[in-house]
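# Architecture at a glance
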Amino acid sequence: MQPIEASQNPNKALWEKGDFTQIAAFMRHSGEALVESLGVTAEARVLDLGCGDGTTALPLARTGAEVVGIDIARNLVEAGNRRAQEAGLTRLKFQQGDACNLEGVPDRSFDLAISIFGAMFAPRPFDVARELIRVAKPGGRVVMGNWIPKDPTFVSELLRISSAFSPPPPEGFISPMTWGVESNILERFGKAGVPAGKISMVKDTFHFASPDQSPERFIELLRDFYGPTMNAYDAARKNGKEQELHGELVGLANGQNKSNGAGTLIPATFMRITVSV
C-alpha cells in the first residue's frame, strides 16, 4: 500500500498541535487489554484508524497480524513508526490519512477495521462509517470505541468542562460525542448498508493508568499536549479563567481516581461497537 496524504481536515491541526504521545503512556495497559479481548489471529490483516502512536496498533501487531495504522497527524504517524521499529514489529506500518476519505486503501482489504477514540473525532461521521465498511472484508469486523455524551465518568466530564471554557464551535460542527449515541450509530452504519441486526453496542470501561504519576500530572499533560484541552486552556487564559478551569479538571481527576497509592487509575466508560460485515 502506498503512503497517502490526508485531505483537508480541520482536525489535522488540532492533533498536530500537541504531543499526544505524552498522554498515550496512560493508555497503554487498557489498549493491550482491549486488543486481547478481540481474539486477533496471526493470519489477520488489520486496519487501526485514528491510531495515534500505536496504543492499540502495537499490541495488535504483537499477535502476529499484519497491521496498518492510519492517522491524520503526521507527528503521531512518525512516532508510531519509531515505536514499531524499536519493537521490531516488521508487519506494522503507520501512514498518514483521513478517516473520512481513505484514498488509496483498496475495498475489502482488512479482516478487522478498528478505531478506538480515533475516527470519532473526524468531522464527517457518515463518511467515516462508509469508509470503515468499505475497507472491511466480507465476513470481517469493524470495531469502534467511542466516548459517550453526558456520561458521569472521566472523559465525558473532561470534555464537558473543557467545552464550557472554549469558544463556540464553528457552524456545521458535529460533536465527536455523537458517536456514543445508539441511534446515531445505527443511522450512520445503516447508511453504509449495514442492517441493525449486524451492529452490537455494549458499554465498556477504559482505564487511564500510571503507577507513579499523579492525577494532577495527568491533567497537566492534557493541558499541554491534548488538542481539545489545549484549546480550552488557551481560551480560559485569555478570559482570566485558567485557574478556574485547572481547578475543576484537577478536582475531576482526583475525584475519579481509584488508585490506592500515589499513582493514577481513572476509569472511563465508552461505547464499544462491533459491526459484522
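Summary of the structure given here. (Residues numbered from 1 in each chain as written. Predicted model: local features only at pLDDT ≥ 70, side-chain atom pairs only at ≥ 80, totals over all residues. Heavy atoms only, no water.)

### Notes on the overall build of the protein chain
- Each helix and strand in the protein chain was counted, giving 11 helices and 7 strands.
- Relative to its length of 277 residues, the protein chain is compact, with a C-alpha radius of gyration of 18 Å against a globular reference of 19 Å.
- Its C-alpha atoms give the protein chain principal-axis dimensions of roughly 50 × 40 × 35 Å.
- With 277 residues in all, the protein chain has 54% of them scored as buried.
- Summarising the internal contacts of the protein chain: among those between residues at least 6 apart in sequence, 79% fall at separations of at least 24.
- Distance between charge centroids for the protein chain: 3 Å, based on 29 positive and 32 negative side chains. (Helix = DSSP H or I, 4+ residues; strand = E, 2+ residues; numbered from the N terminus. Rg over C-alpha atoms; globule rule 2.2 N^0.38 Å. Buried < 20%, exposed > 50% of the residue type's maximum accessible area, 1.4 Å probe, protein only. Contact = heavy atoms within 4.5 Å. Lys, Arg positive; Asp, Glu negative; His and termini not counted. Charge placed at Lys NZ, Arg CZ, Asp CG, Glu CD.)

### Let's talk about helix H9 (residues 215–225)
- Three or more residues of H9 are buried, namely Pro 215, Phe 218, Ile 219, Leu 221 and Leu 222. Angular distribution of buried residues about the axis of H9 spans 155°; they occupy a single face of the element.
- Contacts from the buried residues of H9 go to helix H2 (21–24), helix H7 (154–165), strand S6 (199–210), helix H10 (227–238), helix H11 (242–256) and strand S7 (264–276). (Arc of directions from axis to C-beta.)

### Section: the side chain of Ser 162
- Mapped onto the elements of the fold, Ser 162 is located in helix H7.
- Residue Ser 162 is classed as buried on the basis of its relative accessible area of 3%.
- Separated by 2.8 Å, the side chain of Ser 162 and the backbone oxygen of Leu 158 make a polar contact.
- Those residues in contact with Ser 162 that sit more than four places away from it in its chain are Thr 229, Ala 232 and Leu 249. (Polar contact = N/O pair within 3.5 Å; in protein donor to acceptor, adjacent residues only side chain to side chain.)

### A few points about the packing of helix H6 (residues 125–135) against helix H8 (residues 182–191)
- At a minimum axis distance of 8 Å, the contact between H6 and H8 shows a crossing angle of 55°. Between H6 and H8, the angle is such that the two are oblique. For the pair H6 and H8, the crossing hand works out as right-handed. Packed against H6, whose contacting residues are Pro 125, Phe 126, Ala 129, Leu 132 and Ile 133, the element H8 presents Glu 187, Arg 188, Phe 189 and Lys 191 at the interface. (Axes fitted to C-alpha atoms, helices over the stretch in contact; angles between N-to-C directions. Parallel < 35°, antiparallel > 145°, perpendicular 65-115°, else oblique. Left-handed = near helix turned anticlockwise from the far one by under 90°.)

### What to know about H7
- For H7, which comprises 12 residues, the first-to-last C-alpha distance of 17 Å matches the rise-based estimate of 16 Å (1.5 Å per residue) to within 8%.
- A large share of H7 lies buried, amounting to 9 of its 12 residues.
- Within the sequence span of H7, burial applies to Phe 154, Val 155, Ser 156, Glu 157, Leu 158, Leu 159, Ile 161, Ser 162 and Phe 165.
- Those residues of H7 hidden inside the fold are in contact with strand S5 (136–147), S6, H9, H10, H11 and S7. (Expected span 1.5 Å × (residues − 1).)

### Regarding the state of the cysteines
- The full count for this structure, using the stated rule, is 0 disulfides.
- Not engaged in a disulfide, the cysteine Cys 100 finds its nearest cysteine sulfur in Cys 51; these two sulfurs lie 15 Å apart.
- Using a relative accessible area of 1% as the deciding quantity, one classes Cys 100 as buried. (Disulfide = S-S within 2.5 Å.)

### As for the packing of H9 against H10
- Where H9 contacts H10, the two axes come as close as 6 Å, and the packing angle between them is 80°. Accordingly, the angle class assigned to the pair H9 and H10 is roughly perpendicular. Residue-level inspection shows Ile 219, Leu 222, Arg 223, Asp 224 and Phe 225 of H9 in contact with H10, the latter providing Gly 227, Thr 229, Met 230 and Tyr 233.
- Among the residues making up the contact of H9 with H10, the classes are represented as 5 nonpolar, 2 polar and 2 charged. (Nonpolar A, V, L, I, M, F, W, Y, C, P; charged D, E, K, R; others polar.)

### Focus: the pattern of salt bridges
- Applying the stated criterion across every chain, the model contains 16 salt bridges.
- Residues Asp 127 and Arg 130 are paired through a salt bridge, measuring 2.9 Å at the closest nitrogen-oxygen approach. Here Arg 130 and Asp 127 lie together in helix H6, a separation of 3 residues that amounts to about one turn.
- We note a salt bridge from Glu 131 to Arg 134, for which the minimum N-O separation is 2.8 Å. Here Glu 131 pairs with Arg 134, and both are found in helix H6, just 3 residues apart, close to one helical turn.
- Taking relative accessible area as the criterion, Glu 131 reaches 4% and is therefore assigned buried.
- Overall, Arg 134 belongs to the partly exposed group, its relative accessible area being 23%.
- A single salt-bridge network, built from bridges that share partners, covers Asp 107, Arg 124, Asp 127, Arg 130, Glu 131 and Arg 134. (Salt bridge = Lys/Arg side-chain N within 4 Å of Asp/Glu carboxyl O.)

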